[in-house]
Amino acid sequence: MDEKHRVLKQYFGHDAFRGGQEALIDALLSGRDVLGIMPTGAGKSMCYQIPALLFDGITIIVSPLISLMSDQVTALVQAGVPAAYLNSALTPGQCNTVLNRLRAGWYKLIYVAPERLLTPGFLSVCESINISMVAVDEAHCVSQWGQDFRPSYLKIAEFLSILSGKQRPVVGAFTATATDDVRDDIVRLLGLGNPFLITTGFDRPNLYFGVIHPENKDDALLSLVSDKADRTGIVYCATRKSVEDVCSMLCEAGYPATRYHAGLTEEERRLNQQAFVYDEKRIMVATNAFGMGIDKSDVSYVIHYQMPKNIESYYQEAGRAGRDGSPAQCILLYSPKDVHTAKFLIENSEPNPELDEAAQQAVREREFLRLREMNAYCRAERCLRKSLLQYFGDQVTGDCGNCSVCKTRGAWEMTDVTAQAKTVLFCILQMHQRFGIKMITDVLRGSRGERLVSLGFDKIPTYSALRAVSENDVRQLLASLIDLGYLETEDDVYPVPKITERGQAVLADEARVVMRVPKKKEPEAETVRKNGGTSKTKRASAVSQIPDTPLMQALRVLRSSLAVKAHVPAYVIFPDAALADMCAKKPKTMEEFRSVSGVGEVKAEKYGEAFLRVICHYSD
Ligand code: ADP
Ligand code: ZN
């Protein structure tokens with residue numbers, strides 16, 4: 001066994017590297033700078049943690065978030081790795097202790113906030129120690145093109161040039177953002193020298209992707225969480241208000257939910273996050289303010305209550321499911337209304353003070369384009385995984401068999417909806433093409449709204465013509481007519497559909513409208529909605545399943561009690577995947593216990609006996 005595999009097993013308990021890890025580690029060990037672009041959950045940390053343990057000197061990890069650092073350090077210390085962090089969460093006294101220990105050679109890894117790098121205290125310690133490597137986590141923060149620009153990341157290059165006075169350490173940069181501008185910025189602004197670049201491909205085979213177009217989102221959400229009682233999940237909402245509503249709804253229905261958004265006090269955010277990380281609350285309802293820096297590896301589903309603004313955000317947020325490699329579900333509850341919410345959020349987003357008006361406008365236009373792509377994903381009739389991966393530039397052959405489109409194939413049919421489409425188009429014509437989706441829907445469904453009546457729309461021939469169709473279905477129909485080019489809207493916050501030439505042809509009886517609609521009876525779709533990714537497919541079977549047996553439950557209970565004693569989250573003791581491997585291997589001896597995936601030396605030493613006892617009890 002070579003050194004890097006030995007370290008992988010000894011400290012982290014894993015037998016094999018995941019895609020990309022080995023090549024990045026080899027490059028760093030050979031002294032070459034690297035840029036690793038890997039999706040969330042792919043295992044970037046391992047790429048610098050293993051070289052860090054093999055280098056003679058110390059590794060400095062620049063990381064943007066306090067919570068991220070503290071999680072990583074907790075996990076490393078649990079695994080027996082000497083590590084610490086320096087950030088504003090420490091008191092000056094604690095900082096001094098860490099700096100002194102750093103000078104005295106206590107640590108192999110030190111996590112540092114970018115603001116600290118150029119402080120005299122830190123620089124002076126750096127003068128006197130041997131720094132082998134600088135790893136930059138979330139490296140896209142250096143770029144203004146990224147979503148999380150952090151000006152203090154620009155200090156990293158200066159820090160490196162100061163260090164280069166001695167010997168320049170090797171530099172590794174890691175991110176999940178794949179766009180060319182961001183990648184170029186990272187190389188340039190961090191001053192990477194001819195870096196070894198790897199993009200691992202964006203597939204996360206253990207994730208099931210689903211898009212549901214529900215009649216009622218609350219009902220859909222309740223039905224989704226109902227069979228996940230002991231599982232951990234995140235529900236993302238687009239707005240603070242929606243977080244409040246959804247969280248109350250779940251709590252009233254008896255689910256252990258908590259919430260997180262920028263409108264809460266810092267204290268409450270901290271407490272709620274902690275309750276989630278320590279499994280006191282199983283469901284986190286949050287805006288996109290929640291997540292970066294949450295390392296909880298046992299999140300088994302991420303549900304989007306509204307469509308996010310773009311596919312990058314979606315994939316990053318959804319990617320927080322299943323980080324430990326266990327099967328997990330990512331489900332988006334879509335409604336055509338979500339587009340307006342997203343547009344509104346883009347229109348009203350904080351302007352970047354460093355951009356002038358023209359640049360600002362360009363950014364906004366790009367955001368609208370990206371929103372279109374997100375919308376297209378939700379309405380796609382093609383394999384969802386394929387759409388996502390192709391968006392990120394991966395080569396994809398074949399459909400995945402583990403997404404809601406693949407699984408409901410056969411549950412949809414192409415149907416001629418010319419009659420309904422004509423009604424809609426006539427209605428829009430009779431309303432002089434001057435009103436938005438909401439008003440059109442109300443007229444078609446025969447609402448008695450005050451404004452509608454005062455405008456006289458209750459007198460037009462198409463008034464109430466679709467009263468038998470649900471509001472959601474009318475909206476879906478309108479959205480499809482826009483998607484298919486029978487209607488067009490100018491890209492503003494409240495889109496006003498106008499009839500295109502294609503639409504005119506339908507009105508003139510020169511063309512018919514055929515679109516994909518759910519089959520009348522769809523038993524297959526129903527099971528998919530209930531069971532998501534758990535039913536067997538070609539792809540899912542490649543992923544180890546989490547058993548739901550008495551042994552697994554007993555191991556979970558043991559893990560919780562050990563976690564409480566150690567004051568760490570349960571997944572830091574062992575991830576679900578490790579417990580599942582214990583169930584599969586049923587080790588009897590310490591030797592066998594060490595062969596379980598996810599069991600390193602220190603943890604075997606600390607927890608082996610307790611787990612062996614439980615396994616033995618259940619094996620008899
Ligand atoms: P990222 O930073 O890329 O989002 P992490 O570094 O947090 O991902 O790793 C995600 C999870 O994958 C962690 O729980 C980690 O223990 C696990 N992991 C990483 N590498 C391996 C491996 N080679 N084998 C098994 N599990 C791994
Ligand atoms: Zn698919």
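All values reported here derive from a predicted model rather than from experimental measurement. (Residues numbered from 1 in each chain as written. Chains lettered and ligands numbered in written order. Predicted model: local features only at pLDDT ≥ 70, side-chain atom pairs only at ≥ 80, totals over all residues. Heavy atoms only, no water.)

Draft legend 1. Examining the overall build of the protein chain more closely. Along the backbone of the protein chain there are 27 helices and 17 strands. Expected size for 620 residues packed as a compact globule is a radius of gyration near 25 Å; at 27 Å, the protein chain falls within 12% of this value. The dimensions of the protein chain, computed from C-alpha atoms along their principal axes, are 85 × 65 × 45 Å. Counting over 620 residues, the protein chain shows a buried share of 54%. Taking as baseline every contact in the protein chain between residues at least 6 positions apart, the subset at least 24 positions apart corresponds to 73%. With 74 positive and 76 negative side-chain charges, the protein chain shows a spacing of 3 Å between the two charge centroids. (Helix = DSSP H or I, 4+ residues; strand = E, 2+ residues; numbered from the N terminus. Rg over C-alpha atoms; globule rule 2.2 N^0.38 Å. Buried < 20%, exposed > 50% of the residue type's maximum accessible area, 1.4 Å probe, protein only. Contact = heavy atoms within 4.5 Å. Lys, Arg positive; Asp, Glu negative; His and termini not counted. Charge placed at Lys NZ, Arg CZ, Asp CG, Glu CD.)

Draft legend 2. Main features of the coordination of the zinc ion (ligand 2). For the zinc ion (ligand 2), the full set of protein donor atoms is C383 (SG), C400 (SG), C403 (SG) and C406 (SG), at a range of 2.3 to 2.4 Å. The coordination sphere of the zinc ion (ligand 2) comprises 4 donor atoms, whose angles at the metal cover 100 to 119°; the geometry is tetrahedral. One chain supplies every donor for the zinc ion (ligand 2), spaced along it as C-x16-C-x2-C-x2-C. For the pair C403 and C406, one class covers both residues: buried. (Donors = N, O, S within 2.8 Å, 3.2 Å for Na, K, Ca; no water. Tetrahedral: all angles 85-135°; square planar, octahedral: opposite > 155°, others 65-115°.)

Draft legend 3. The arrangement of the nonpolar core in detail. I110, F122, F209 and Y377 are the most contacted members of the largest nonpolar core, which totals 79 residues. The dominant element in this core, judged by the number of residues it contributes, is helix α14 (residues 357–379), at 5 residues. Not counting chain neighbours up to four residues away, the residues in contact with I110 comprise I58, T59, I60, I61, A84, Y85, L86, V98 and L102. Grouped together as the second largest cluster of nonpolar side chains are 33 residues, V34, F55, V81 and Y111 included. (Core = buried A, V, L, I, M, F, W, Y, C linked by side-chain atoms within 4.5 Å.)

Draft legend 4. Examining the packing of aromatic side chains more closely. One pass over the structure, following the stated rule, counts 15 aromatic pairs. Ring centres 6.3 Å apart and planes at 25° place the aromatic pair F593 and F611 in the stacked group. Separated by 18 residues along the polypeptide, F593 in helix α26 (residues 590–594) and F611 in helix α27 (residues 601–619) bring together distant segments of the chain. We classify F593 as buried; its relative accessible area is 0%. Directly above the aromatic system of Y305 lies the positively charged group of K217, at a separation of 5.6 Å from the ring centroid. (Phe/Tyr/Trp six-rings, centres within 6.5 Å; stacked < 30°, edge-to-face > 60°. Lys NZ or Arg CZ within 6 Å of the ring centre and 35° of its normal.)

Draft legend 5. Region of interest: the sheet that holds strand β9 (residues 232–236). Strands sit in the order β8-β13-β12-β9-β11-β10 across an open sheet of 6 strands; the sheet is parallel. Whereas interior strands pair on both sides, the edge strands pair on one side only; in this sheet they are β8 (207–212) and β10 (257–260). Ignoring which end each strand starts from, the neighbouring axes of this sheet average 20° apart. The pairing of β10 with strand β11 (residues 283–286) spans 4 bridges and is classified as parallel. (Pairing = 2+ DSSP bridges. Axes fitted to C-alpha atoms, helices over the stretch in contact; angles between N-to-C directions.)

Draft legend 6. Focus on the sheet that holds strand β3 (residues 83–86). The strand order across the open sheet built from 7 strands is β3-β4-β2-β5-β6-β1-β7, with neighbouring strands paired in parallel fashion. Looking along the sheet, the strands with just one partner apiece sit at the ends: β3 and β7 (196–199). Across the sheet, the mean angle separating the axes of adjacent strands is 15° when strand polarity is ignored. Direction of pairing for strand β2 (residues 58–62) relative to strand β5 (residues 131–136): parallel, over a ladder of 5 bridges. Residue I60 lies in a different strand from β5, and its bridge partner there is V134. Across the sheet, helix α5 (residues 92–103) lies against β2, β3 and β4 (109–112), angled at about 130° from β3, the strand it touches most.

Draft legend 7. Spatial organisation of the pairing of β9. For β9, a buried count of 5 out of 5 residues is recorded, marking the element as mostly surrounded by other parts of the structure. Of the two faces of β9, the one carrying T232, I234 and Y236 and the one carrying G233 and V235 are both buried. Here β9 pairs with strand β12 (residues 299–304) via 5 bridges, running parallel. Along β12, the bridge assignment pairs V235 with I303. With 4 bridges connecting them, β9 and β11 associate as parallel partners. Following the sheet pairing, Y236 is matched in β11 by A286.

Draft legend 8. Unusual backbone geometry, seen in detail. One non-glycine residue with positive phi stands out, namely D279, at about 65°. Looking at the secondary structure, you find D279 in the loop between α11 (266–277) and β11. Positioned with a positive phi, D509 is a non-glycine residue whose angle comes to about 60°. Among the structural elements, D509 can be located in the loop between α21 (501–507) and β17 (514–518).

Draft legend 9. Molecular detail of the site of ligand 1. Taken together, 16 residues lie around ligand 1, and A16, Q21, G41, S45 and R323 are the ones closest in. One of the side-chain nitrogen or oxygen atoms of Q21 is found 2.9 Å away from a nitrogen atom of ligand 1. A distance of 3.4 Å is found between an oxygen atom of ligand 1 and a backbone nitrogen or oxygen belonging to A42. Tallying contributions element by element places helix α3 (residues 44–54) first for the shell around ligand 1, with 3 residues. Looking at the shell around ligand 1, its residues break down into 5 nonpolar, 7 polar and 4 charged. (Near = heavy atom within 4 Å. Polar contact = N/O pair within 3.5 Å; in protein donor to acceptor, adjacent residues only side chain to side chain. Nonpolar A, V, L, I, M, F, W, Y, C, P; charged D, E, K, R; others polar.)

Draft legend 10. Examining the pattern of salt bridges more closely. Applying the stated criterion across every chain yields a total of 35 salt bridges. One salt bridge in this structure joins K9 and D15, with 3.8 Å as the shortest N-O distance. Residue K9 is classed as buried on the basis of its relative accessible area, which comes to 17%. On the basis of relative accessibility, which here comes to 48%, the residue D15 falls in the partly exposed class. Here D576 and R559 are joined by a salt bridge, their closest N and O atoms 2.9 Å apart. One end of the pair, D576, is in helix α25 (residues 576–585); the other, R559, is in helix α23 (residues 550–566), and 17 residues separate them in sequence. Each member of the pair, D576 as well as R559, is classed as buried. Put simply, D2, K4, E22 and D26 are held in one network by salt bridges that share partners. (Salt bridge = Lys/Arg side-chain N within 4 Å of Asp/Glu carboxyl O.)

Draft legend 11. The pairing of β3, seen in detail. With 4 bridges joining them, β3 and β4 adopt parallel strand pairing. From the neighbouring strand, Y85 faces β4, where its bridge partner is Y111.

Draft legend 12. Inspection of the environment of H14 at higher detail. Note that H14 resides in the loop between α1 (3–12) and α2 (21–29). Taking the relative accessible area as the measure of exposure, H14 reaches 27% and is therefore partly exposed. Setting aside anything within four residues of it in sequence, one finds H14 in contact with L8, K9, M46, S597 and G598.

Draft legend 13. Seen up close, the side chain of T232. Of note, T232 is situated in strand β9. A distance of 3.1 Å separates a polar atom in the side chain of T232 from a polar atom in the side chain of R282. Once residues lying within four places of it in the same chain are set aside, the contact partners of T232 are F276, D279, R282, K296, D298, V299, S300 and Y301.

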